[in-house]
Amino acid sequence: MSSADSGEETQTLVRQMLRELLLGREDPQGFFGLCVSLMGHHDTRAQFLSLIQPLSSEHSALHSNLTSIYLEYFSVDENDVLEATLALSMLEHTDRQQRTAKLPSSKPGAQGYRHSQAQPVARGHIVPQPLVGSYAKVVVAGSHAQILGSLITPHNVAYCSADSLESKHEKSKDDVTTEEGHMNQSEKPKRSRNRRRRKGCGQQVVGLSYNPSAPPPVLLWFRRDLRLCDNPALIGSLEVGAPVIPVFIWSPEEEEGPGVTVAMGGASKFWLHQALACLSSSLENIGSHLVFRDAAGEGSSLKAIRGLLKETGAKTVVASALYEPWLKERDEELVSTLLKEEVECRMVHSYCLREPYSVSTQGVGLRGIGSVSHFTSCCQQNPGPGLGAPLDPPSSLPSPSLWPQGCPLDKLGLARMPHRKDGTMIDWAANIRTSWDFSEAGAQARLEAFLHDGVYRYEKESGRADAPNTSCLSPYLHFGQLSPRWLLWDAKEARCRSPKFQRKLAWRDLAYWQLTLFPDLPWESLRPPYKALRWSSDRGHLRAWQRGRTGYPLVDAAMRQLWATGWMNNYMRHVVASFLIAYLHLPWQEGYRWFQDTLVDADVAIDAMMWQNGGMCGLDHWNFVMHPVSAAMTCDPSGHYVRKWCPELARLPDELIHKPWVCPASMLRRAGVAPGQSYPDRVVEDLEDRRTRSLQDVALVRKRFGEYVDPHSGCDLIPLPRRLLTEALGVSEGGVANPGKQFLLPVITRMEFKHQSDDPDSDAASNPYNAVLKGYVSRKRDETIAFLNQRDFTASVMNEGTERRERLERDHRKMEGLPPPPVARGRARPTPTAKDRSFTVPGGVGTAHR
């Protein structure tokens, strides 16, 4: 091979190692040592600074660190090199003598080594390693092994597990170099099969050696990103080129915010406890560990961070950004304060696919705001930075020489259980503990299982409660054990691609966008008239709903599943929410607070948006109401779901299990069902009457607050948020003066409400836009109703487009001084009504028979 080809190959290898350095798979000293090994002393001195020059713009800290290593290395004279070589030889000779005796694995600090450095940075016992520092690593250059020991000092001591050290001494140098870059297979993070095309993990580095001139460590502040895979904050901390100290700070007061958000309920705190334990174990597997701090004892997160900075000497804090308005305000104050103290603080975006504060309505307008189609149009019209490919987990984290003090995980009180008077513990989370795998590997396993099975049925059967057709990934997404980018990447590359499943991520981002626009979303109704609705105050009905004892089997089964496992699928959440609001007339805030306390995936933004929409006061009205019996025909036609969670009804026949009140007394006796005893009576009986009263209440408040109803379209009006107002006017937020009156915005309003306002005293059954879903017919989807619904939707969209074009044409003619367009002549079709039999079909869809 010619010298030119050899030089090109060397340059290629060096560039590959540079990429490994940027990904955190190699530390700066190891990279420099490899350059010296591959390029030689003379070429490294001549070319190294030019090789790292591109880092000076985007990775200035890493560039300066490499430059200091270069200058320090080439400032050593020949006498220092000879002295270091002799020291290395003596260390090897001493270790060879020690191997003949039994290795004292129980003593982490051997004679001649600093006891303060014997920190547990990996699973196993800690012993001194004779190959010292990054410059003393064994590397491969062609077929020869070289030992770079030119910068060895008595304090530059690295540590590794006793098992790995013993196995290295039993092999030759060539064997060591062959296996040094491999991880133990049992310690490898589980990765998706769809990600095999990515580059494998690099060389494992157990910890950084102690060096007085080393850069100060970096605080990696874990919040809702409890993962190693695809964690930009984790990779960003490695790019600094310094030891990384992972920390978690628990501050429940700051999480809660100014209103009644119930940000961390009992179930979600229990999940957080388990997830933190799993993350700590994963960090130990790569040579690090998680430091826990309780902000309650220190006053605030800012004081806790200051204490860690003082204790460790760190000058950089890296964390994933949070988007709740009160947490964002807290983080901005923290960043500003630390910046004044000359501490760099980086907030990295990764929790949502689209950063909520960057979404703009420019070019789209405000019509249809609150719907996912409007939100996706805003994101497409005003694109942000590209998502990029997910990041593989690092094989190691550089450890500091001294770790800060922390508290045990149990001291945070996340999984605290109540006790009875006799002192026995009430383990209310026993079923939750057995129902879930709380680890990052568990998230990956659920995703793999869903993409190989459930995704094939998700598009049409995701609402089934009696079959595992959903992914159950929501708690992993909430706590950041699975990144939305990783999930979207795998979903797009799956053999069966479900647009409906991918659209769920857009709904998630939409919820956070709404929360940034309306910070009081979790506790304050967005539509002013609906604050005056006459809600029921029957606490008995609320307790029956919470405990799953309403007398309606589908509702009871869902609420019992929620209490036992901390989860239910999206369809069942709609069922129980409709029952609470439309039939029990209880305020949506009660349902929101109960969900926040009992869901393991309790998310302030998502739950608040869902309950506001279900409670008729959000940006987007639910255009449906779930009937507790009709919905059961759709999601549990054979009664398997009810039999699982309401075993007292298990012996009832399929056709009657969802309405036991119509069963003959003899059938109930044979099934062992005693109404009012073994299974509760219905809390309300006449559901149609309850629905009628609900519609009449809505019509009453819309009439009472007529200033919040658009007289032309009949849509509700809400005060326009200042941020949307500045975008609509095209001025900065500070340039909008308060005129003393509100800017009102028309929002999506259910057609059922518009018709009820015209005839307030009519009953729900006579409303042609009755929103109650009828479910399946004979346990099969009624294709006629599905077709007519699709046709009506298409006709509505076409009509809106036609009206918009006509309006634009009229406005254009007025501006140009042209005569108005000719009026189309034709006979208007009659409006369908529920009383005209020729206009009705099963399901309540109006159409004319030909």
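Keep in mind that this is a model prediction, so the values were computed, not measured.

(A) Quick peek at the sheet that holds strand E7 (residues 291–294). Read across the open sheet, the five strands follow the order E7-E6-E5-E8-E9; overall the sheet is parallel. Only two strands of the sheet have a single neighbouring strand rather than two, namely E7 and strand E9 (344–348). In this sheet, adjacent strand axes meet at a mean angle of 25° when their direction is disregarded. With five bridges connecting them, strand E8 (residues 316–320) and E9 associate as parallel partners. Bridge pairing in E9 places Ala 319 opposite Met 347. Along the sheet, helix H13 (residues 325–340) contacts strand E5 (218–222), E8 and E9; its crossing angle with E9, the most-contacted strand, is approximately 150°.

(B) Molecular detail of empty space enclosed by the protein. Overall, the coordinates contain eight cavities of 30 Å³ or more when judged by the stated rule. There is about 180 Å³ of room inside the largest cavity. Residue lining of the largest cavity: 16 residues in total, with Arg 223, Phe 248, Ile 249, Trp 250 and Glu 255 positioned closest to the centre. Going through the elements one at a time, E5 and strand E6 (244–250) are the ones with two or more residues in the lining of the largest cavity. For the lining of the largest cavity, the element with the most residues is E6, which contributes three residues. When grouped by side-chain class, the residues that make up the lining of the largest cavity number nine nonpolar, three polar and four charged.

(C) Representation of the packing of aromatic side chains. All told, the structure shown has 24 aromatic pairs when counted by the stated rule. The interplanar angle of 65° and the centroid separation of 5.2 Å between the aromatic rings of Tyr 552 and Trp 661 together place this pair among those described as edge-to-face. Residue Tyr 552 is found in the loop between helix H20 (539–547) and helix H21 (553–565), and its partner Trp 661 is found in the loop between helix H26 (640–645) and helix H27 (665–671); the two are separated by 109 residues along the sequence. Judged by relative accessible area, Tyr 552 falls into the buried class, the value being 1%. Aromatic rings pair up to connect Phe 270, Trp 271, Trp 428, Trp 436, Phe 438, Tyr 476 and Trp 567 into one cluster. Directly above the aromatic system of Tyr 458 lies the positively charged group of Lys 500, at a separation of 5.8 Å from the ring centroid. Between the NZ or CZ atom of Arg 508 and the centre of the ring of Tyr 351, over which it lies, the distance is 4.6 Å.

(D) Layout of the side chain of Glu 648. For Glu 648, the position within the fold is in the loop between H26 and H27. Engagement of the side chain of Glu 648 in a polar contact is seen with the side chain of Arg 560, the distance being 3.0 Å. Once you skip the residues sitting within four places of it in the chain, Glu 648 turns out to touch Arg 560, Ala 671, Val 673, Ser 678 and Tyr 679.

(E) Main features of the packing of helix H18 (residues 484–493) against helix H19 (residues 499–517). Look at H18 against H19: their axes get within 10 Å of each other, and the N-to-C directions meet at 160°. If you check the angle between H18 and H19, you find them roughly antiparallel. Note that H18 runs across H19; the crossing there is left-handed. Two secondary-structure elements touch here, H18 through Pro 484, Leu 487, Leu 488, Ala 491 and Lys 492 and H19 through Phe 501, Gln 502, Leu 505 and Arg 508. A breakdown of the residues in the contact of H18 with H19 according to their chemical character gives six nonpolar, one polar and two charged.

(F) Representation of helix H28 (residues 687–704) within the structure. When the terminal C-alpha atoms of H28 are compared, their 26 Å separation across 18 residues agrees well with the 26 Å that a helix rising 1.5 Å per residue should span. All buried positions along H28 are accounted for by Leu 687, Arg 690, Arg 691, Thr 692, Ser 694, Leu 695, Asp 697, Val 698, Ala 699, Val 701 and Arg 702. Between the side-chain oxygen at the start of H28 and the backbone nitrogen of Glu 688 there is a gap of 3.4 Å, and the oxygen is on Asp 686.

(G) Quick look at unusual backbone geometry. Phi at Glu 342 takes a positive value of approximately 60°, unusual for a residue other than glycine. Tracing the backbone through its elements, the reader meets Glu 342 in the loop between H13 and E9. Looking at Glu 342, the relative accessible area reads 68%, which means it is exposed. A positive phi angle is found at Met 616, which is not glycine, with a value near 70°. Here Met 616 is to be found in the loop between helix H24 (604–614) and strand E10 (625–626).

(H) Seen up close, the nonpolar core. By size, the foremost hydrophobic cluster in this structure holds 100 residues, and its most contacted members are Trp 545, Met 572, Phe 595 and Trp 611. Among all residues touching Trp 545, those that are not within four sequence positions of it are Thr 550, Val 555, Met 559, Val 576, Phe 579, Leu 580, Leu 584, Gly 591, Trp 594, Phe 595 and Trp 611. Listed in part, the 61 residues of the second largest apolar core include Leu 272, Leu 353, Ile 432 and Trp 436.

The rules behind the values
For every chain, the first residue of the written sequence is number 1, and numbering continues from 1 onward in sequence order. In keeping with the predicted nature of the model, local features appear solely for residues at pLDDT of at least 70, side-chain atom pairs appear and are counted solely at 80 or more, and the whole-chain, interface and lining totals rest on all residues. Water and hydrogen atoms play no part in the side-chain values, which are based on all heavy atoms of the structure. Strands were regarded as paired on the criterion that DSSP finds at least two bridges between them. Note on conventions: DSSP H or I runs of at least 4 residues are helices, E runs of at least 2 residues are strands, and numbering of each starts at the N terminus. To get an axis, a line is fitted to the C-alpha atoms, and for a helix only the part in contact is used. The angle between two axes follows their N-to-C directions and goes from 0 to 180 degrees. The contact criterion used is simple: two residues touch if any of their non-hydrogen atoms lie within 4.5 Å. Lining residues are those with an atom within 4 Å of a point, where the points come from a 1 Å grid over the protein atoms alone and group into cavities, where a 1.4 Å probe fits but cannot get out, or pockets, open sets with protein on both sides within 12 Å along at least five of seven lines. Grid points are joined across faces, edges and corners, and a volume is the space filled by probe spheres set on the points. When residues are sorted by character, Ala, Val, Leu, Ile, Met, Phe, Trp, Tyr, Cys and Pro go into the nonpolar class, Asp, Glu, Lys and Arg into the charged class, and all the rest, Gly among them, into the polar class. Pairing of aromatic rings covers Phe, Tyr and the six-membered ring of Trp, with a centre-to-centre limit of 6.5 Å; geometry is then stacked below 30 degrees between planes, edge-to-face above 60, and tilted otherwise. Only protein chains enter the accessibility calculation, which uses a 1.4 Å probe; a residue is then buried when its area is under 20% of its type maximum, exposed when over 50%, and partly exposed in between. In our convention, an over-ring charge means Lys NZ or Arg CZ found within 6 Å of a ring centre and within 35 degrees of that ring's normal. Polar contact criterion, stated in full: a pair of N or O atoms within 3.5 Å, where within protein one must be able to donate a hydrogen and the other to accept it, and residues adjacent in sequence count only if both atoms are side-chain atoms. Working definition: roughly parallel below 35 degrees, roughly antiparallel above 145 degrees, roughly perpendicular at 65 to 115 degrees, and oblique for all remaining angles. With the far helix as reference, a near helix turned anticlockwise by less than a right angle produces a left-handed crossing, and one turned clockwise produces a right-handed crossing. One less than the residue count of a helix, multiplied by 1.5 Å, gives the span that helix is expected to have. Remark: nonpolar core denotes a set of buried residues (Ala, Val, Leu, Ile, Met, Phe, Trp, Tyr, Cys) joined through side-chain atoms within 4.5 Å.

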